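Summary of the model geometry
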Amino acid sequence: EVRIETIDCPRPQAIEKAVADFKAEVAASIGKVAGDNDLPETWQNQVASIDELHAEAAKVAPALKGIVTSAAGETGQPYFGEGDKFLTKSRESLERKVAGLVEDGASQAQAVAGIGDSVRGTIIADKPEAVGSIARNLTEQVHAAGGRVVFDNKWEKHTRGQYSAVHADVFLPSPSGKRIK
């Protein structure tokens, strides 16, 4: 037997305010997360096709894994999925993402250039106060590799239903000299 029940929440605004207050408290404990937030919109993937993006992402993946692992330091835990299965986006996933962007009005070239997670990793911080030092470590590592990083602190913005994290768009040069995001 499965029973599904609902309850009336007498004060949804109070809950919403409590969530917003909590996010603001966490954002304050994280502090300012700075990177290369002045990058122009033209900083995108320097590839012409899904196949090229997938191939270049595979070339950049070992560098990103090393950077993320090093940046995590003592206060964070790097994560790429079991067996690193999330380190690079699959070709099928890239195809779906590009198709969605094209459906929304982008050209094929714009869609491929704009994909921001062909290579990805996660750092799980032990506590919010550690995020600032992890972000500084990440910025230093990315710069040392000839790349750039742009941060977006989702904790600072209270959007109903949106999860909270600090996102970092990392641009790295591939061994063939192409910039990959």
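Note that the structure is predicted; figures quoted are calculated from it, not measured.

**What to know about the pairing of strand β4 (residues 166-173)**
- As paired elements, strand β3 (residues 148-153) and β4 share 6 bridges and run antiparallel to each other. Across the sheet, residue Phe 151 finds its bridge partner in β4, namely Ala 168.
- Bridge analysis of β4 against strand β5 (residues 179-180) gives 2 bridges, and the strand direction is antiparallel. Its bridge partner being in β5, Pro 173 is matched across the sheet by Arg 179.

**Some words on a nonpolar patch on the surface**
- Taken together, the side chains of Tyr 79, Phe 86 and Ile 124 present a nonpolar region at the surface, about 290 Å² in accessible area.
- If you trace the backbone, Tyr 79 turns up in strand β1 (residues 76-79).

**Remarks on unusual backbone geometry**
- With a phi angle near 60 degrees, Asp 84 is a residue other than glycine that sits in the positive phi range.
- Relative to the assigned elements, Asp 84 resides in the loop between β1 and α3 (91-103).
- You can call Asp 84 partly exposed: its relative accessible area is 28%.

**What to know about helix α2 (residues 50-72)**
- Along α2, the largest kink reaches about 40 degrees and is centred on Val 60; proline Pro 62 follows within four residues of it.
- Ile 50, Leu 53, Glu 56, Ala 57, Val 60, Ala 61, Leu 64, Ile 67, Val 68, Ala 71 and Ala 72 are the residues of α2 that are buried.

**A word on the nonpolar core**
- In terms of nonpolar packing, the biggest core is built from 32 residues, with Leu 53, Leu 64, Val 119, Leu 138, Val 142 and Leu 172 touching the most fellow members.
- Every element with two or more residues in this core is listed here: α1 (12-30), α2, α3, α4 (108-114), α5 (131-144), β3 and β4.
- For Leu 172, the contacting residues outside a window of four places in its chain are Val 60, Leu 64, Ile 67, Val 142, Ala 145, Gly 147, Lys 178, Arg 179 and Ile 180.

**Focus on the pattern of salt bridges**
- Tallied over the entire structure, the rule returns 12 salt bridges.
- The residue Arg 148 makes a salt bridge to Asp 36 at a minimum N-O spacing of 3.3 Å. With Arg 148 in strand β3 and Asp 36 in the loop between α1 and α2, this residue pair connects regions lying 112 residues apart in the sequence.

**Topic: the environment of Asn 45**
- Along the chain, Asn 45 turns up in the loop between α1 and α2.
- Accessibility expressed as a relative area gives 5% for Asn 45, which makes it buried.
- For Asn 45 and Ser 70, which are 25 residues apart along the polypeptide, the C-alpha to C-alpha distance reads 24 Å.
- In this structure Asn 45 touches Leu 53, Val 112, Ala 113, Gly 114, Ile 115, Arg 179, Ile 180 and Lys 181, once residues within four positions along its chain are discounted.
- A distance of 3.2 Å separates a polar side-chain atom of Asn 45 from the backbone oxygen of Val 112.

Cut-offs used in this document
Residues numbered from 1 in each chain as written. Predicted model: local features only at pLDDT ≥ 70, side-chain atom pairs only at ≥ 80, totals over all residues. Heavy atoms only, no water. Pairing = 2+ DSSP bridges. Helix = DSSP H or I, 4+ residues; strand = E, 2+ residues; numbered from the N terminus. Patch = residues over 30% accessible without salt bridge, like charges linked within 9 Å, V, L, I, M, F, W, Y side chains within 5 Å. Areas by Shrake-Rupley, 256 points an atom, 1.4 Å probe, with all protein chains shown as cover. Salt bridge = Lys/Arg side-chain N within 4 Å of Asp/Glu carboxyl O. Buried < 20%, exposed > 50% of the residue type's maximum accessible area, 1.4 Å probe, protein only. Bend = angle between axes of the 7 residues up to and from the residue. Core = buried A, V, L, I, M, F, W, Y, C linked by side-chain atoms within 4.5 Å. Contact = heavy atoms within 4.5 Å. Polar contact = N/O pair within 3.5 Å; in protein donor to acceptor, adjacent residues only side chain to side chain.

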